[in-house]
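A look at the structure
Chain residues, written in single-letter form:
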Amino acid sequence: MSCFGCEINEQLLKLTDQKVLAEVEEQLLMEINLASDDLRGSRLAICAGCPFRQSHTCTKCGCYVAFRTSLEIKSCSVGKW
Ligand code: SF4
């Protein structure tokens, strides 16, 4: 059982996650050349362990990681994928 303050923080983080994912999904509706699920998943796995990722954002390019990894023609700014 977590404290009340931690529960509020967890709820805020979930809201932020939902907001970011909704924004990314909306933007991706206007994009062509989407990456396959496998490609996107392998990229996301690399980003998940990257020190340049801060929460939802890549600090090297400023993109939401979920957005950049979903576009086939994009690449990692530092050559990790
Ligand atoms: S796109 Fe590249 S630099 Fe950015 S978080 Fe992913 S692996 Fe790291």
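Quick summary incoming for the structure in this document. All figures in this text were calculated on a predicted structure; none of them were measured in a lab.

Calculation rules
Residues numbered from 1 in each chain as written. Predicted model: local features only at pLDDT ≥ 70, side-chain atom pairs only at ≥ 80, totals over all residues. Heavy atoms only, no water. Disulfide = S-S within 2.5 Å. Buried < 20%, exposed > 50% of the residue type's maximum accessible area, 1.4 Å probe, protein only. Near = heavy atom within 4 Å. Nonpolar A, V, L, I, M, F, W, Y, C, P; charged D, E, K, R; others polar. Helix = DSSP H or I, 4+ residues; strand = E, 2+ residues; numbered from the N terminus. Lys, Arg positive; Asp, Glu negative; His and termini not counted. Salt bridge = Lys/Arg side-chain N within 4 Å of Asp/Glu carboxyl O. Contact = heavy atoms within 4.5 Å. 1 Å grid on protein atoms, 1.4 Å probe; cavity = no way out; pocket = protein on both sides within 12 Å on 5 of 7 lines; lining within 4 Å. Points joined across faces, edges and corners; volume = space filled by probe spheres on them.

Within this structure, the stated rule accounts for zero disulfides. Between Cys3, a free cysteine, and Cys6, which holds the nearest cysteine sulfur, the sulfur-to-sulfur gap is 3.2 Å. By relative accessible area, Cys3 is classed as partly exposed at 42%. With no disulfide of its own, Cys63 lies 3.7 Å from the sulfur of Cys61, the closest cysteine sulfur.

This brings us to the site of the ligand. Around the ligand, the surrounding shell consists of Cys47, Cys50, Phe52, Arg53, Cys58, Cys76, Val78, Lys80 and Trp81. The residue makeup of the shell around the ligand, split by class, is seven nonpolar, no polar and two charged.

Right, let's get into the side chain of Arg68. Along the chain, Arg68 turns up in helix 3 (residues 65–68). For the buried Arg68, no salt bridge is present, and the opposite-charge side chain at shortest range is Glu31, 11 Å distant. Each residue touching Arg68, except ones within four places of it in the same chain, is listed here: Arg43, Cys61, Cys63, Lys74, Ser75, Ser77 and Trp81.

Moving on, we come to empty space enclosed by the protein. With the rule as written, the count across this model stands at one cavity of 30 Å³ or more. Within this model, the largest cavity holds a volume of roughly 140 Å³. Of all the secondary structure elements, the ones that give two or more residues to the lining of the largest cavity are helix 2 (37–48) and helix 3. Of the residues contributing to the lining of the largest cavity, the split by class is ten nonpolar, three polar and four charged.

Function-wise, these values are silent; they only describe arrangement.
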